[in-house]
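# Descriptive analysis of the structure
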Amino acid sequence: MKGEDKYWTEVILPKKGNFDLRLHELWHFKDLLSLLVRRDFVSVYKQTVLGPAWYFIQPLLTTLMMWVVFSKIAHISTDSLPPVLFYLIGNIAWSYFAACLNKTSNTFIANAGIFGKVYFPRLIIPLSTVVSSLFAFFTQLILFAGFLIYYVYQGFDFHVNIGLLVIPYFIFLMALLGLGMGIIISSLTTKYRDLSFLLVFGVQLYMYITPVIYPVSSISVELRKYILLNPMTSVIEGFRYAFLGKGMLDFGQIMYTTVFSIVVLLIGVLIFNKVERNFMDTV
Amino acid sequence: MIVIKVENLSKQYRLGVVSSKTLAADVNRFLAKVRGKEDPMMTVGVENRLNTVDGDYIWALKDINFEVNEGEVLGIVGKNGAGKSTILKILSKVTAPTTGSVKIKGRIASLLEVGTGFHPELTGKENIFLNGAILGMTKAEIRRKFDEIVEFSGVGKYIDTPVKRYSSGMYVRLAFAVAAHLEPEILIVDEVLAVGDAEFQKKVLGKMKDVSKQGRTVLFVSHNMVAVKSLCTKGILLENGMIKEQDLIGPIIDSYLNQFAGKGIINNEWTKSNAPGTDIIKVKSAYVEFKGSHITVNTPFNIITEFWCEEEGFPVNVSMVLWDKNQNCVFNISTENIELEKGLHKATFNIPEQLMNDGYYYVQNYFVTNSTPHFIHNEANAFEIIDDRDNTDWYGKWIGAVRPNFVKTELL
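A brief structural summary. The structure presented is a predicted model; accordingly, all values stated were derived computationally and were not measured.

Turning next to the pairing of strand S3 (residues 73-78) of chain B. Residues and elements named next belong to chain B. The buried count for S3 comes to 6 of 6 residues, which makes it a mostly enclosed element. Taking every second residue as pointing to the same face, both faces of S3 are buried, with Val73, Gly75 and Val77 on one and Leu74, Ile76 and Gly78 on the other. Sheet topology places S3 next to strand S7 (residues 217-221); 4 bridges connect them, and they run parallel. Along S7, the bridge assignment pairs leucine 74 with leucine 219. Here S3 runs beside strand S8 (residues 234-239); their pairing, made up of 5 bridges, is parallel. Bridging from a neighbouring strand, isoleucine 76 pairs with isoleucine 236 of S8.

This is the structure:
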């Protein structure tokens, strides 16, 4: 029996293990991943007038609006940091997470055409979105660096700190969490289309319970323990700590976010794997 | 050597209520179920089938078993909905089977739908790489075959142009070129004949022939029996999700065509009380007469109309006009004119084999007296002629109103 199993290169069965990720297969398609990233990269701003300038315009306008509304009008604290820097870094980090979540959440619906015709590991698609969203993120980070240099030149007190070393890990955490939540939603939207509408403002609401437009330090102690339950809190605060010197860099919180993200991703993969096999029959 | 082994393969689809599509609807259904009420999503008048175990399902495939040996070209035929596409979908892992298993030895690739994943904004070159990767090639593999692919596609000059500027023909050619260079051990070809121009079809089937000549395995699904007959060695006939017959391709095609026996043929018969006609001429029947279960281009057949004449000595000739489905007149032929006795008469038009082309035809009968139409019987009956060609490299529709083989040809 063992010998016969070796004979076949592929055995198609009704069910596979829930966590059978077929990593070797994913590995075989690694070139597809890089080509999909390249496709997103090349095609996204084609035939737009401003092209990649949109990468700058989006966070700048949002930051400007937040500055006016939350700082000037509502007088919400920015931890005594320059409001532009405060909002900009929060926005850039948040929009990477939001992009991961939003874009992976329509994996099945948006790719039903391809999925219905060829087989390749479906997970490649959300993975490629998470990677290609990095491009916008890093471009915006350069924009932020420009502002930071300007403000330092103007006398803003900035010291390179240990937090910068954790930034890659924060990015990784956001990718993990965004991907996990995104594929859960994408799996559910194959059955419930209304979830995709819910998602649009769900992500917006989520931003308000994440300390993007306010610092954790401005939150009262009794409310703070709830804010800290949000896995994105430590990420945004960590970003601020790394680049602006004020915020929160708490090992326990980062561990909490890590565990939370991994659990979400595992649940996501579980559901995704289940849906992947038969979603063509229900779409 | 066996390269594909399909065992007890079944595929079940849920029907009807599966996609309520909105969460609210499902919550409603759930609440109703909890309270033991009727499912509000059920169609009125249909009893709640959710309570039954199996009522809501349909078997698209049921207990399919077959094996394919290396180098075989297997034709899978059957009517629409027989389960052909479902088999291919399972083989290419697009959807999973409900029960049973498929074992495959070697790389499998399908020409199901060429051009999958092409992005209009990307250049031809970029799309070759992207499409190749979607189909399972590595970058290195694509790079190695790149020149060959471009050559085969014939779009060399435009390879750095975004494919949205391509004509649809170029687009398909490029897409096919990529798929054709996958070099799989097992190739799945599905209805490619439906798309593309004649030259493209030739290329596709030429490639298929090459592949099978190299000793690789091909699964071919098509409604084009000419192509199936010329290309395949063995066949499977599917009916209602089950294998009806497995055999050499000849008998399989016969059985397939037998399923349509009488389908494309409309024979009409009337009684004296409802007969079309006039007081003098009343049509009893209009039909075709032939041997076997269907008319192919190689079948001689008779077009017949029977009618009653109610007036002794009424002079009539029956003039039969044959129309194709595009309302073109194929030809018009008449009987001699005779003075009919009162009673039943029969006009027969003897159509030899290898005169007609394949297609649908309608019969119109003129009952002419003294050179003027006395009664015109429109669409008296209709029939279909099925193509049947051997040893051909051209599988497309044979054009022309007729295909007369009494025309002698000579090439010096």
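All names here are of chain A. Quantified by volume, the largest pocket comes out at close to 1,100 Å³. Lining the largest pocket are 39 residues, and of these Ser95, Ala98, Ala99, Asn102 and Lys103 sit closest to its centre. Those elements giving two or more residues to the lining of the largest pocket turn out to be helix H3 (30-43), helix H4 (54-73), helix H5 (83-104), helix H8 (124-153) and helix H10 (194-209). Counting residues per element, the lining of the largest pocket draws most heavily on H8, at 9 residues. A breakdown of the residues in the lining of the largest pocket according to their chemical character gives 23 nonpolar, 13 polar and 3 charged.

Residues and elements named next belong to chain B. By the largest-angle criterion, lysine 145 marks the main kink of helix H4 (residues 139-153), which is about 55°. Looking only at H4, the buried set comprises Glu141, Ile142, Lys145, Phe146, Ile149, Val150 and Ser153. Downstream of H4 by one or two residues, glycine 154 has phi in the positive range, about 70°.

All right, on to the interface of chain B and chain A then. The interface of chain B with chain A comprises 51 residues on the first partner and 43 residues on the second. Roughly 4,100 Å² is buried in total at the junction of chain B and chain A, and carbon and sulfur atoms are behind 60% of that figure. Summed over the shared surface of chain B and chain A, the number is 3 salt bridges. Close ionic contact of Glu10(A) with Lys93(B) constitutes a salt bridge, the shortest N to O distance being 3.0 Å. Applying the counting rule to chain B against chain A returns 12 residue pairs in polar contact (both at pLDDT 80 or more). Across the side of chain B that touches chain A, the residue classes break down as 23 nonpolar, 14 polar and 14 charged. Two elements, strand S1 (residues 10-12) of chain A and strand S4 (residues 99-104) of chain B, share 3 bridges in a ladder whose sense is antiparallel. Across the sheet, the residue bridging to Val11(A) is Lys103(B), located in S4(B).

This part covers the side chain of Gln253(A). All names here are of chain A. Structurally, the position occupied by glutamine 253 is in helix H13 (residues 251-282). Looking at glutamine 253, the relative accessible area reads 13%, which means it is buried. Other than its neighbours up to four places away in sequence, glutamine 253 contacts Leu228, Ser234 and Met248.

This part covers the sheet that holds S3(B). Residue and element names in this part refer to chain B. Pairing in this open sheet of 6 strands is mixed, and the strands run S5-S6-S7-S3-S8-S9 from one edge to the other. Every interior strand has two partners, whereas the edge strands, strand S5 (108-110) and strand S9 (242-248), have only one. Taken over all neighbouring pairs, the strand axes of this sheet differ in orientation by 20° on average, direction set aside. In terms of strand pairing, S8 meets S9 through 6 bridges, oriented antiparallel. Among the inter-strand pairings, lysine 234 is bridged to a residue of S9, identified as leucine 248. The strands touched by helix H2 (residues 84-91) within the sheet are S3, S5, strand S6 (186-190), S7 and S8, with S3 carrying the most contacts at an inclination of about 135°. Sitting on the sheet, helix H8 (residues 249-259) touches S3, S8 and S9, and the angle it makes with S9 is about 140°.

Each value, and the rule that gives it
Residues numbered from 1 in each chain as written. Chains lettered and ligands numbered in written order. Predicted model: local features only at pLDDT ≥ 70, side-chain atom pairs only at ≥ 80, totals over all residues. Heavy atoms only, no water. Buried < 20%, exposed > 50% of the residue type's maximum accessible area, 1.4 Å probe, protein only. Helix = DSSP H or I, 4+ residues; strand = E, 2+ residues; numbered from the N terminus. Pairing = 2+ DSSP bridges. 1 Å grid on protein atoms, 1.4 Å probe; cavity = no way out; pocket = protein on both sides within 12 Å on 5 of 7 lines; lining within 4 Å. Points joined across faces, edges and corners; volume = space filled by probe spheres on them. Nonpolar A, V, L, I, M, F, W, Y, C, P; charged D, E, K, R; others polar. Bend = angle between axes of the 7 residues up to and from the residue. Contact = heavy atoms within 4.5 Å. Buried area = accessible area lost by both parts, 1.4 Å probe. Salt bridge = Lys/Arg side-chain N within 4 Å of Asp/Glu carboxyl O. Polar contact = N/O pair within 3.5 Å; in protein donor to acceptor, adjacent residues only side chain to side chain. Axes fitted to C-alpha atoms, helices over the stretch in contact; angles between N-to-C directions.

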